[in-house]
Amino acid sequence: RTKYSGVRAKDLKGSADIDLVTLQKCQKDVHGLISGKVLVGHALSNDLKALMLDHPRGMRRDTARYAPYQRKGKDGKMRPRKLRDLVAENLGGGEQWEGFQEGEHDSGKDA
């Protein structure tokens, strides 16, 4: 799933300059960062599911679920728009966004 995550097998091996952490340590650290805070992002449920974490719905602000940012699907139901399109529309089409979320994802650039 490198196409979607941007993570390659070599990224999971670590190196002299990269310290890897266990899933449990990552979960603990992320939980500590978000606990008691409003979590803002795009399609947050996917990230929370991948980390096997929960966060109160009332403490989430998800751009994929925010009605003004949604589009009407062919079936008439409201559907989330791509983050790439929201960025272009709301943050301008400047040079810094060129290539944003095209091809493999870059989690650092996405953040």
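Up top is the structure.
To keep things clear, this report deals only with the structure shown in the data block.

About the criteria used
Residues numbered from 1 in each chain as written. Predicted model: local features only at pLDDT ≥ 70, side-chain atom pairs only at ≥ 80, totals over all residues. Heavy atoms only, no water. Helix = DSSP H or I, 4+ residues; strand = E, 2+ residues; numbered from the N terminus. Buried < 20%, exposed > 50% of the residue type's maximum accessible area, 1.4 Å probe, protein only. Contact = heavy atoms within 4.5 Å. Salt bridge = Lys/Arg side-chain N within 4 Å of Asp/Glu carboxyl O.

Let us look at the overall build of the protein chain. A tally of regular secondary structure across the protein chain gives five helices and four strands. Element order for the protein chain, N to C, with α for helix and β for strand: α-α-β-α-β-β-β-α-α. Counting the 111 residues in the protein chain, one finds 18% classified as buried. Restricting the contact set of the protein chain to residue pairs at least 6 apart, pairs at least 24 apart contribute 20%.

With that out of the way, let us pick up the pattern of salt bridges. Evaluation of the coordinates by the stated rule reveals three salt bridges. With its nearest N and O atoms 2.9 Å apart, the salt bridge here joins D29 to K25. One end of the pair is D29 and the other is K25, both in helix α2 (residues 23-34) and four residues apart, which spans about a single turn. Among the residues examined, K25 registers a relative accessible area of 40% and is labelled partly exposed. In this structure, R79 and D75 form a salt bridge, with 2.4 Å as the shortest nitrogen-oxygen distance. Relative accessible area serves as the criterion here: at 31%, R79 is assigned to the partly exposed category.

Within the chain, A43 stands out as a residue other than glycine whose phi angle is a positive 55°. Its location among the elements puts A43 in the loop between β1 (39-41) and α3 (44-51).

This part takes up the side chain of Q27. Assignment of secondary structure puts Q27 in helix α2. The residues touching Q27, leaving out its near neighbours within four places in the chain, are L51, M52 and L53.

Here we come to the environment of L44. Within the fold, L44 resides in helix α3. For the pair formed by L44 and R65, sequence separation is 21 residues and the distance between their alpha carbons is 9.5 Å.

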